[in-house]
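# A structural walkthrough
Next come the chains, spelled out residue by residue.
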Amino acid sequence: YENLRVEGSIPTWLNGSIYRNTPARYPEQPFNSSHWFMGLAMVHAFHFGSTPEHGVVYTNQFVKSDVYKAAYLDAWEGGSSNTREGAPPHPSAVDEFQRGVGETVYTPLQHMKPSGRIPRSSEAGSFVQDDGSFSGNSQVTIRRINGSFLSNTGVWSNAFDPSSLDTIEAPFQYHQDARSAAALDPWSAPEHAHTDLDGTVYHYVYNFDKLVYQMYTVPPYSRQRIAAEHVIPVNPAIRMPLYQHSFALTENYLVISETPCTFGNGWNEFRFFSSVDVVWHVVDKRTGAQVMNFTSDPFFMMHHVNAYESTASNSIVVDLVTYPDVELLSALYLDSILFNQTKVASAIASARLQRFMLPLDKPGSHIPSGTTIASFTGLEFPTINYAAYNTQPYNFVYAAGMTTPDAPMWNKLVKIDISANDVVGEWTEPHCYPGEPVFAGKPGSDVEDDGVLLAVGLDSFTQRSLLLVLSAAPLTERARG
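Residues numbered from 1 in each chain as written. Predicted model: local features only at pLDDT ≥ 70, side-chain atom pairs only at ≥ 80, totals over all residues. Heavy atoms only, no water.

## So, the sheet that holds strand β11 (residues 157-160)
Note on sheets: strands pair through backbone hydrogen bonds, and any given pair is parallel or antiparallel. Within the open sheet, the four strands sit side by side as β9-β10-β11-β12. Their pairing is antiparallel. Among the strands making up the open sheet, the edge pair consists of β9 (141-145) and β12 (167-169). Shown here is a sheet whose adjacent strand axes are inclined to one another by a mean of 45°, direction ignored. With four bridges connecting them, strand β10 (residues 148-152) and β11 associate as antiparallel partners. By the bridge assignment for β11, Leu-150 is matched with Ala-159. (Pairing = 2+ DSSP bridges. Helix = DSSP H or I, 4+ residues; strand = E, 2+ residues; numbered from the N terminus. Axes fitted to C-alpha atoms, helices over the stretch in contact; angles between N-to-C directions.)

## Looking at the sheet that holds strand β26 (residues 352-359)
A sheet is described by the order of its strands in space; here four strands give the open sequence β24-β25-β26-β27, paired in antiparallel fashion. Looking along the sheet, the strands with just one partner apiece sit at the ends: β24 (300-310) and β27 (371-372). Where β24 and strand β25 (residues 315-323) come together, eight bridges link them in antiparallel fashion. For His-304, the partnering residue across the bridge sits in β25 and is Leu-320.

## Notes on the nonpolar core
With 107 residues, the main nonpolar core has Trp-36, Tyr-243, Leu-254, Phe-300, Leu-329 and Ile-416 as its most contacted residues. Those residues within four positions of Leu-329 in sequence are excluded, and the remaining contacts are His-35, Phe-37, Tyr-243, Trp-267, Phe-270, Phe-300 and Met-302. (Core = buried A, V, L, I, M, F, W, Y, C linked by side-chain atoms within 4.5 Å. Buried < 20%, exposed > 50% of the residue type's maximum accessible area, 1.4 Å probe, protein only. Contact = heavy atoms within 4.5 Å.)

## What to know about the pairing of strand β19 (residues 253-258)
The side chains of a regular strand alternate, residue by residue, between the two faces of the sheet. Among the six residues that make up β19, six are buried, leaving the element largely enclosed by the rest of the structure. Neither face of β19 is left uncovered, since the one carrying Tyr-253, Val-255 and Ser-257 and the one carrying Leu-254, Ile-256 and Glu-258 both have all their residues buried. In this antiparallel pair of consecutive strands, strand β18 (residues 248-249) and β19, the connection spans three residues. In this structure, β19 lies alongside strand β22 (residues 278-284), joined through six bridges in antiparallel fashion. Bridged to Leu-254 within β22 is Val-283.

Next up, the structure:
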């Protein structure tokens, strides 16, 4: 534990903890972790209000998955482990603060076969535990299930103690009946799930045998995973499950924007079909059945921002960050980040925040391309006041951005007013590369932007990380630690 030296003033109402999940060490054996997304998982915690002076206590722990143990097996037995420590200059991760959950950055399945399946026991070899279970590297998201704190990738979850951060259940085992187990195991899935306003978790998996997607839910105060009654067809033009990093949720629907990108054994082998349309699947949240679909011109994407049903336009409004291709994936190899910053800058600068309208009275139609919102360079890691406005009409988006198109990484934070179609706040500092800004709302307030943003940044000049506490309205720095 470390008591951070705080400069400025942290709001006295800010009590609780924010958890972040990051790739933090890059072993070269037994597999080559040469991509930014593939580092071994480390959970970080910042605890607010736990000291008399209302300071911040910081702690971290590696997730002790079977992949972690395999990377350090020789070191435990008296040998050595050849690793590359530290994430490159941008602290990627996922955060949970109070009731708000934000999720970001995809990581591949380390043993994923060309089909996209998780390895069976015979394929995973010495990584598999005596009971046949396998705990994969889980360095992407944080989720709470029935009081358990989980670090996750798409399908692998490992539970940790929220105080000590010790790994206490690896892998985390959902409860499920035989039907759900057969439908859901052991397929891969998007990295980001959604937690609805009532506490229900929604997610879905890829089934590479049946060539479908299968939705599931986890009810509030439960670890029971329930497969939906119906399945969702894949894009008929490609005829296999396609890579999706996230999806959208509304009051009644789960919305999948199925971009034309196939999986690959390496991030530079993911293939983008520029002549194949995006398929938008609109899925009934109650049954998991596709009730309508739409198509649009092709794009690639990682993160949805928000979605909601608009009675005024009789449509589903979907906001997300789009790219013209998949160059982002190959640009984020460690060698590119460290030695080819022109390639990295070009890829991340091509991102655009866009709004798509899915007309409920015209199912099956080809919809227009998205409308660009507050166009500026390189927006990513978008967040909102998730606890109060996920699935609802909203105004404000917070995100990382670039000060110039040739910036080596995301190096500023922005606030966007959707209704004004404009950037209404920016924070930047020389040599600083901030991560995803997570909104923490002031208790009892019903004002959308009444709260603070919490973000971890890297000061490349001092080679130290810092915690930023920014007022959301207006976007100004309140404190750092």
